[in-house]
Amino acid sequence: MHRYISVRVLSSSTLSRPSSILSSLRPSSCSPSSFLCKRSYTTNTPPKVDLQEEYVATPIFAKQEVAMPTYRVMSSDGKILPGAVDPNLDREEVEKIYKMMVTVNTMDNIMYDVQRQGRVSFYMTSFGEEATHLGSAAALKMDDIMFGQYREVGALMYRGFSIDDIMNQCTSNQYDYGKGRQMPVHYGSKKHNFQTISSPLATQLPQAVGAAYYQKIMKLNACTIVYFGEGAASEGDFHAGLNFAATLEAPTIFFCRNNKWAISTPSHEQYRGDGIAARGVAYGIPTIRVDGNDIWAVYNATKKAREIATSEKPSPVLIEAMTYRVGHHSTSDDSTRYRPTDEVEHWRANHNPISRLRLYMEDKGWWKPEMDAPLIAEVRQHVRSALKTAEAQLKPALVHLFTDVYDTIPQHLEQQKAELEIHLKKYPN
Amino acid sequence: MNTRLRLSTLSPLQHIIKRSYATTPTITTTNNNINISPDAPTKKMNLFTAINNAMDIALETDPKAVIFGEDVGFGGVFRCTTGLRDKHGANRVFNTPLCEQGIAGLAVGYTAAGGTAIAEIQFADYIFPAFDQIVNEAAKYRYRSGNQFACAGLTIRAPYGAVGHGAHYHSQSPENYFVHTPGLKVVIPSTPIQAKGLLLASIRDPNPVIFFEPKWLYRSAVEEVPIDDYMIPLGKARIVREGSDVTVVGYGAQMLVLENACNLAEQKLGISCELIDLCSLLPWDVEAVEASVRKTGRLVISHEAQKTSGFASEIATTIQERCFLSLQAPIQRVCGLDTPFPLIFEKFYVPDHLKNFEAIKQVVHY
């Protein structure tokens, strides 16, 4: 005799039908050894006792046997699936999104080569994950704070961070908002409400909770989204972030890009549970797994997550977006050393988020395949010229080696600055 | 060693060192770094009450200020947050789950968004899980963002130091790990009056501050503390007593020990000690110590933290760089031993007043 997990999905009727998700979790699909207790979670009332306590006379070791289902709106050829809801964005918005995805992809192609030529010191591409960036960013508002990991440039660009801004940061010139202090792709922009990226992984998760908590008690009617990969989710800060978000009821959207690879470590070596999604449930957080290469699934899920987060009773949400890292981890990586090229090619060809959206647009009569080439050519032109301009700019003034360590330069640092100036007078080259 | 025999003849609890504040000379007479009228109204407060008062004022005057950490809701394990939740609300004074990296990360994000966070780490010994968030994130937040963002309103408070029976994990002095991190400020008060002013200054300083509170003094240090809102400037040392023969430098609970040593030196050998309380370790008041050493020519530095690479090494090196020719004797460091903080051997481990007296004697008679 076994019971089943009843997972009540927090969804409005416009989004999906709960019964189709529940059906995959009915007793018939559970193996006898799985022990599951009946529970439901809503954001309306915090239960005094989280779960119904039941006592059993036989020791049953619980193990999840059925994976959480993956929410999908479009088929691989861009058709809306039965039961799914087309967000029905207007043509202008959809074109903007599509062009931005192509821009990210095209820019990444160029910048990867640019690094190889030695013109920038480092770069990270986002091939295959463009839908995770654009789908989520398009569903949020500018008041929502963004924390990234390092592979979300499309989200930042959707908000208005320009190709020039990117080139300035990557070439570390005087127009870099970060004043040339960090490696390329460590973007940050107050103007675009995007917190500056740092290299340590997952540190941004509890930070996002702090920012979200601030938004909550200051009644800003906004939320915070934080992006991270499935590898970063192994860090202790992931646990800290989710647990704090749940206990503090902070309006945080945890957005995991599960792209199956953490440098050379495949997800089978990263975790054994049901991905990252199963963990959200364990923290008491409403969780959804989505097809990360289906931009409308990402969009719908993020939009709903925002509603949940910013509702009268704020709650964090976890979204696990299943996708694939088509490119190398970074320009310091050669992924042919650890994974088969046909695997990469399979994902690039058959699960391409950009072509999926294009097919959707073609169905609507909003796009024709021959419009791609001129778009790409235009983007390439723009990127190349922006890069050339950025490279020609001056680097930040030397004083900025010493500024911003604190709000003002302390005495001991003034002294070191003076010593460096003397040294440079002696050795100007 | 003879000491082994000695110990075994003691009753079981006698090794727990009791310091009686009542019988030790007060170090509260010199609060020359406070800009407050001597007639200002005061109230008898101990260290945790003074700290509580500072946080109360902080929350009163800054609507974006919040306090969080383990067990702060009911008042905290050292009672520093007593009454604050009732007064300011559960959304502003709240418990977090038991996770220091989460506490620090939460504080980083809350302040990056524009708030003021007073985060409590229950014991400085447990600050290490938060080390990444403090050193890699909080300290670098302003610099790496090009000054677009900063953890300006961030203060992390933690009880530190010997308590008589704390051993490895309730006695540590980890201040030097943080002094080594550009972007942070490190502040260590020595008395209730100093603590209130320094804590208010730390909370309001637009940089992340680590504030270590000498737990030994939470209950035992009592004085008449001004009830008004006042601050003591960070980065400035306090001259506790003036002298001419030797400069003695310390901070935190060690000031009591040093005062004992200075008194002993005066009584037994007629040595006039100039005693300096650093108050802040990062940045530290180089000028004040240098000026004193130029006058006395001799320097003794003392802290509970281990000797090797302890903060005394920073002071000693900087002073010899700046006034080498003023020195009449090698600089003395009287510190904790290079061992984990032991339980039964605490009395031998700590740099007590006798070790400091010997160091003072040594530099003066060099």
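Provided above is the structure to which this section pertains.
Residues numbered from 1 in each chain as written. Chains lettered and ligands numbered in written order. Predicted model: local features only at pLDDT ≥ 70, side-chain atom pairs only at ≥ 80, totals over all residues. Heavy atoms only, no water.

Enquirer: What exactly am I supposed to notice about the overall build of chain B here?
Expert: Counting secondary structure elements, chain B contains 14 helices and 14 strands. Against the 2.2 N^0.38 benchmark of 21 Å for 366 residues, chain B shows a C-alpha radius of gyration of 20 Å, consistent with a compact globule. Projecting the C-alpha coordinates of chain B onto the three principal axes gives extents of approximately 60 × 50 × 45 Å. When burial is assessed residue by residue, chain B has 63% of its 366 residues classed as buried. (Helix = DSSP H or I, 4+ residues; strand = E, 2+ residues; numbered from the N terminus. Rg over C-alpha atoms; globule rule 2.2 N^0.38 Å. Buried < 20%, exposed > 50% of the residue type's maximum accessible area, 1.4 Å probe, protein only.)

Enquirer: I keep staring at the interface of chain B and chain A and nothing clicks. Help me out?
Expert: One frequent convention defines the size of an interface as the accessible area lost when the parts assemble. Counting from both sides, the interface comprises 47 residues of chain B and, opposite them, 43 residues of chain A. Considering only the side of chain B, the residues that lose the most area to chain A are B:Y143, B:R144 and B:Q148, jointly responsible for 21% of the buried surface there. Linking chain B to chain A there are 20 residue pairs in polar contact (both at pLDDT 80 or more). Elements with a contribution of two residues or more to the side of chain B that touches chain A: β3 (93-95), α4 (100-112), α5 (131-137) and α6 (141-144) of chain B. Tallying contributions element by element places α4(B) first for the side of chain B that touches chain A, with nine residues. For the side of chain B that touches chain A, the per-class residue count stands at 21 nonpolar, 18 polar and eight charged. (Contact = heavy atoms within 4.5 Å. Buried area = accessible area lost by both parts, 1.4 Å probe. Polar contact = N/O pair within 3.5 Å; in protein donor to acceptor, adjacent residues only side chain to side chain. Nonpolar A, V, L, I, M, F, W, Y, C, P; charged D, E, K, R; others polar.)

Enquirer: Please explain the sheet that holds strand β7 (residues 287-291) of chain A as it appears in this structure.
Expert: The strands making up a sheet associate through hydrogen bonds between their backbones, and the pairing can be parallel or antiparallel. Residue and element names in this part refer to chain A. Here we have six strands laid out as an open sheet, ordered β1-β7-β8-β4-β3-β2, and parallel in their pairing. Lying at the two open borders of the sheet, with one neighbouring strand each, are β1 (70-71) and β2 (145-147). When β2 meets strand β3 (residues 224-229), the two strands line up parallel, connected through three bridges. Along β3, the bridge assignment pairs M146 with I225. Strands in contact with helix α6 (residues 204-217) are β2, β3 and β4 (252-258); relative to β3, the strand with the most contacts, it is inclined by about 170°. (Pairing = 2+ DSSP bridges. Axes fitted to C-alpha atoms, helices over the stretch in contact; angles between N-to-C directions.)

Enquirer: Can you walk me through the pattern of salt bridges in this structure?
Expert: One side chain can pair with another of opposite charge once the charged atoms of both are near each other. One pass over the full model with this rule turns up 37 salt bridges over all chains. Residues A:R306 and A:D144 are paired through a salt bridge, measuring 2.6 Å at the closest nitrogen-oxygen approach. Residue A:R306 is located in helix α10 (residues 295-309), and its partner A:D144 is located in the loop between α3 (130-138) and β2; the two are separated by 162 residues in the primary sequence. Accessibility classification places A:R306 together with A:D144 in one group, the buried group. The salt bridge involving B:E259 is made with B:R241; its shortest N-O contact spans 3.6 Å. Placement of the pair is B:E259 in helix α10 (residues 254-269) and B:R241 in strand β9 (residues 238-241), with a sequence separation of 18 residues. Of the two residues examined, B:E259 and B:R241, each falls in the buried class. (Salt bridge = Lys/Arg side-chain N within 4 Å of Asp/Glu carboxyl O.)

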